[in-house]
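Commentary on secondary and tertiary structure
So the chains spell out like this:
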Amino acid sequence: MNGPRIDAEFLPMSERDVDEVAALEAGLQAFPWTRGHFSDSLGAGYSAWVLRRGGELIGFSVVMPVLDEAHLLNIGVAARCHGQGYGARLLRHAMECARLNGAVKMFLEVRPSNDRAVYLYRHFGFSQIGVRKAYYPAAVGREDALVFDKDLV
């Protein structure tokens, strides 16, 4: 990379970001969230963040607060930025925001076939606590979800 390193910054997701976030998500997932999913999450007051580097969107996260718990609903990093630590930064940020908002535990679901994500969650101390059968749509039939949790305090 030529020139000075441009640091990435976290910004609260807004309606202005939704089209771009939905497009990033569509490039990452075979069965992506729609624009409506992101817009509805903002309308519901969920903790939604974008990660930008020099104005360029490189990632996002959406967390739903539930009493003293948090549920990581979606997280993604632009494919061109994979392997650069941005997923870890997004996850760390999501956990810290949840903790600062009173959550003592975070939950999430992940496809067993998503090796990168499973590795990341385990690396951050998440533990598998269950399986949701036929949770995700798949090319043929449905795919289970692994359910993970982690104490935030």
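Our subject is the structure that appears above.
None of the values given here were measured: they were computed from a predicted structure.

Reading the values: the criteria
Residues numbered from 1 in each chain as written. Predicted model: local features only at pLDDT ≥ 70, side-chain atom pairs only at ≥ 80, totals over all residues. Heavy atoms only, no water. Pairing = 2+ DSSP bridges. Helix = DSSP H or I, 4+ residues; strand = E, 2+ residues; numbered from the N terminus. Axes fitted to C-alpha atoms, helices over the stretch in contact; angles between N-to-C directions. Contact = heavy atoms within 4.5 Å. Buried < 20%, exposed > 50% of the residue type's maximum accessible area, 1.4 Å probe, protein only.

Examining the sheet that holds strand β7 (residues 142-151)
The mixed open sheet is built from 7 strands, whose spatial order is β1-β2-β3-β4-β5-β7-β6. Of all the strands in the sheet, the pair left with one neighbour each is β1 (8-12) and β6 (127-137). Between one strand axis and the next, the sheet turns by 25 degrees as a mean value, whatever way the strands run. Here strand β4 (residues 69-77) pairs with strand β5 (residues 105-110) via 4 bridges, running parallel. Bridging across to β5, Ala70 finds its partner in Met106. Contacting β4, β5, β6 and β7, helix α4 (residues 115-123) runs over the sheet at an angle of about 160 degrees to β5.

Some thoughts on unusual backbone geometry
With the exception of glycine, the majority of residues adopt a negative phi angle, and the majority of peptide bonds are in the trans configuration. Residue Leu67 is not a glycine yet carries a positive backbone phi of 55 degrees. Tracing the backbone through its elements, the reader meets Leu67 in the loop between β3 (56-66) and β4. A relative accessible area of 84% places Leu67 in the exposed class.

Let's talk about the pairing of β6
Alignment of β6 against β7, held across 7 bridges, turns out to be antiparallel. Its bridge partner lying in β7, Tyr136 is registered against Glu143. Counted along the chain from β6 to the antiparallel partner β7, the turn is 4 residues long, and its residue Gly141 has a positive phi close to 70 degrees.

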